[in-house]
Amino acid sequence: MKAPRLSGVSLATKASMEETKLIELAVDGDLDAFNQLVFQYQEVAFNVAYRIMADENAAADATQEAVISMYRKLDTYRGGSFKSWFLRIVTNACYDELRRQRRKPTIPIEPETDEGELIESPEWLEDKSAGPEEIFGSSEIEKAIQHCLSGLENKFRVVITLVDVSGEDYETVARIIGTPIGTVKSRLARARLKMQQCLRGFGELLPDYLRHSSEEKDEKAS
Amino acid sequence: MKRQADISEKDTRLLGEYLDNALSISDRAMFEKRLQSSPELTQALGELSALKKQLSSLPRKKVPHQFTLTRAEAKKARRGRFLLPTFGWASAVCSVLLVAIFGSEFIFRNFSAPQAEPAPAAYSLQMEDAQVSAVPEAKSLDNQAVYLLNWVEIGGKGGAGGAPYNNYAIAARGELGGGFVEPGEPQTMSESEEAQNVPEAVSAASQKHSVEPLIFGIREGELGQVIATQPVEVYAVSPAAEQPAVVEQVRGPMIQTNVKLILAGLAAAFALLWLTLKLKR
């Protein structure tokens, strides 16, 4: 006998029920259930962390910290969207990591010549393996976007990442960052404006719509 | 043409909400009308839409490794779960206790009224002795006329009700606490009367150990009599004996210094542990 086909809504409901069950089990100390939840959301979490941190290693550290922190805090979970809760912990871990980085700025390990001048890109520091850009096939425009994202203040970067990159709605973002929806809207508007202004500086890399505006700007200036 | 940067922040926000389907139906309808009539807004919407598309189409990074926890990691995470809050709370509790101790000591030292030493049981008896012995002395010192004072209104009934025999107060004849004495005309008592009354007072004082019922502070048998009429107690009783000494008690610390030191040490140690754990994480 053929199994009845489940509609999209039914699948979502089933998934939600499964998630609820998994959460219950995880709260009761079932590590496998917890790991299933982590497995389900780790990619979203890592990508949010990556866009906020702009560094893969730092993003991985922040995500791992978030997972450990989430495991410790499982008994404080009070229902609602598990994904939002997880992303909230991830963004907090990112903030902590960014604060730590600010406290302990990394010192480049570039060697000096006998005269005390820095040797830029010494041969022994060259990474012969493929870089992350090559691995993930990132385009120039992606670099430009990431550059502009990194230039934003943390609060703007988090909001635009969650809404535009991760695709969360305003309410979810408000829950994640713990602010009213109005604040999310205004931060998002400002973040988008700043992103547009920043991207205009990349000229040729930009798609037509931005290049057109940049040219207009140049014409006005001349 | 107006560029998006020239569009107000409010419009940018509205454009964003329109793009994200966050406007209500009525607001959306109104904004669409505005969009139709404003090419600047339309262009800005196009730019914003393109940016959103670019951002949302950023490639998804694959996770560098699984973030799931092993049994050992989970055990470690759970083990340290209570340490941080425990040390934090312990430090806070110790600090609060210290503050409470110092605070209460400060308040007791500076704001509590100085307490009189509790009158010893034999205090009244001593007073009696002092007064009795002081009477002849007072007589020798004071040759002035002794006034019989009436502290009450004419015809009044209040007055010397509370005066016990040993205070040499007036118990007016006929009525308790009141005598028909002309106000402003203090009656004097002759030396003989005085001499008569003094032994009476002395004899009254000699009965100090007997417990007899008092009526309005006066013995039953002495009602209606003038027991004594001299305001000599001013001289008779030395100020030291007259009132219980107000003792500015030199109070020691309520809690021993050792305890305070231990509490302070614990607070510091817990805080240090908490900080170490916090920084480690």
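Residues numbered from 1 in each chain as written. Chains lettered and ligands numbered in written order. Predicted model: local features only at pLDDT ≥ 70, side-chain atom pairs only at ≥ 80, totals over all residues. Heavy atoms only, no water.

Caption draft 1: Fine view of the overall build of chain A. Each helix and strand in chain A was counted, giving 10 helices and zero strands. Taken from N to C terminus, the helices and strands of chain A fall in the order α-α-α-α-α-α-α-α-α-α. Here chain A, with 222 residues, has 43% of them falling under the buried criterion. Long-range contacts, defined here as pairs at least 24 residues apart, represent 57% of the contacts in chain A between residues at least 6 apart. (Helix = DSSP H or I, 4+ residues; strand = E, 2+ residues; numbered from the N terminus. Buried < 20%, exposed > 50% of the residue type's maximum accessible area, 1.4 Å probe, protein only. Contact = heavy atoms within 4.5 Å.)

Caption draft 2: The arrangement of the overall build of chain B in detail. Looking only at helices and strands, chain B has 10 helices and four strands in total. For chain B, the proportion of its 281 residues judged to be buried stands at 29%.

Caption draft 3: Local environment of the packing of aromatic side chains. Residue and element names in this part refer to chain A. Per the stated rule, a full pass over the model turns up nine aromatic pairs over all chains. Between Tyr-41 and Phe-82, the aromatic rings sit 6.0 Å apart at their centres with planes inclined by 35 degrees, giving tilted as the arrangement. Residue Tyr-41 is located in helix 2 (residues 31–53), and its partner Phe-82 is located in helix 4 (residues 82–103); the two are separated by 41 residues in the primary sequence. In terms of burial, Tyr-41 and Phe-82 fall into one category: buried. Judged by centre distance (5.0 Å) and plane angle (55 degrees), the rings of Tyr-77 and Trp-85 are tilted. Here Tyr-77 falls in the buried class, since its relative accessible area comes to 12%. (Phe/Tyr/Trp six-rings, centres within 6.5 Å; stacked < 30°, edge-to-face > 60°.)

Caption draft 4: Summary view of a nonpolar patch on the surface. Residues Phe106(B), Ile107(B) and Phe111(B) make up a contiguous nonpolar surface patch of roughly 360 Å² in combined accessible area. Checked against the element boundaries, Ile107(B) lands in helix 5 (residues 83–111). (Patch = residues over 30% accessible without salt bridge, like charges linked within 9 Å, V, L, I, M, F, W, Y side chains within 5 Å. Areas by Shrake-Rupley, 256 points an atom, 1.4 Å probe, with all protein chains shown as cover. Salt bridge = Lys/Arg side-chain N within 4 Å of Asp/Glu carboxyl O.)

Caption draft 5: Structural context of the side chain of Ser84(A). Relative to the helices and strands, Ser84(A) resides in helix 4. Relative accessible area serves as the criterion here: at 5%, Ser84(A) is assigned to the buried category.

Caption draft 6: View of the interface of chain A and chain B. Every contact between the two is made by 57 residues of chain A and, on the other side, 40 residues of chain B. Counting the surface lost from both chain A and chain B, the interface buries some 4,700 Å², and carbon and sulfur atoms represent 58% of this. Remark: the boundary between chain A and chain B carries six salt bridges. With its nearest N and O atoms 3.1 Å apart, the salt bridge here joins Lys52(B) to Asp164(A). At the surface where chain A touches chain B, the tally comes to 14 residue pairs in polar contact (both at pLDDT 80 or more). Elements that contribute at least two residues to the side of chain A that touches chain B include exactly helix 2, helix 3 (56–72), helix 6 (140–151), helix 7 (154–165), helix 9 (181–200) and helix 10 (208–221) of chain A. Considered class by class, the residues forming the side of chain A that touches chain B number 27 nonpolar, 13 polar and 17 charged. (Buried area = accessible area lost by both parts, 1.4 Å probe. Polar contact = N/O pair within 3.5 Å; in protein donor to acceptor, adjacent residues only side chain to side chain. Nonpolar A, V, L, I, M, F, W, Y, C, P; charged D, E, K, R; others polar.)

Caption draft 7: Representation of unusual backbone geometry. A positive phi angle, close to 60 degrees, is found at Ala54(A), a residue other than glycine. Structurally, the position occupied by Ala54(A) is in the loop between helix 2 and helix 3. Here Asn21(B), not a glycine, exhibits a phi torsion of approximately 55 degrees, which is positive. In this structure, Asn21(B) sits in the loop between helix 1 (9–19) and helix 2 (25–37).

Caption draft 8: Looking closely at the packing of helix 8 (residues 170–177) of chain A against helix 9 of chain A. Residue and element names in this part refer to chain A. For the pair helix 8 and helix 9, the least separation of the axes is 9 Å and the interaxial angle reads 100 degrees. Taken together, the axes of helix 8 and helix 9 are roughly perpendicular relative to one another. Counted together, Tyr-170, Glu-171, Val-173, Ala-174 and Ile-177 of helix 8 and Ile-181, Val-184, Lys-185, Arg-187, Leu-188 and Arg-192 of helix 9 form the full contact between these two elements. (Axes fitted to C-alpha atoms, helices over the stretch in contact; angles between N-to-C directions. Parallel < 35°, antiparallel > 145°, perpendicular 65-115°, else oblique.)

Caption draft 9: Main features of the nonpolar core. Counting 66 residues, the largest nonpolar core has Phe34(A) and Met195(A) as the members making the most contacts within it. Broken down by element, this core gets its largest block of residues, 14 residues, from helix 2 of chain A. Two domains each donate at least three residues to this core, and these are domain 1 (14–104) and domain 2 (136–222) of chain A. Apart from the residues within four sequence positions on either side, Met195(A) is in contact with Ile145(A), Cys148(A), Leu149(A), Leu152(A), Ile160(A), Leu51(B) and Leu55(B). If you look at the next biggest cluster of nonpolar residues, it comprises 10 residues, including Leu15(B), Leu35(B), Leu41(B) and Leu48(B). (Core = buried A, V, L, I, M, F, W, Y, C linked by side-chain atoms within 4.5 Å. Domains from an automatic or database assignment.)

Caption draft 10: Representation of the confidence of the model for chain A in the model. All names here are of chain A. Per-residue confidence for chain A averages 78 on the pLDDT scale, and 68% of its residues sit at or above 70. Here helix 5 (residues 132–136) stands out as the element of chain A with the lowest mean pLDDT, 43, in contrast to helix 7, whose mean of 94 is the highest. Counted against residues more than four places away or in other chains, residues 121–137, with its pLDDT under 50, gives 11 contacts. (pLDDT = per-residue confidence, 0-100.)

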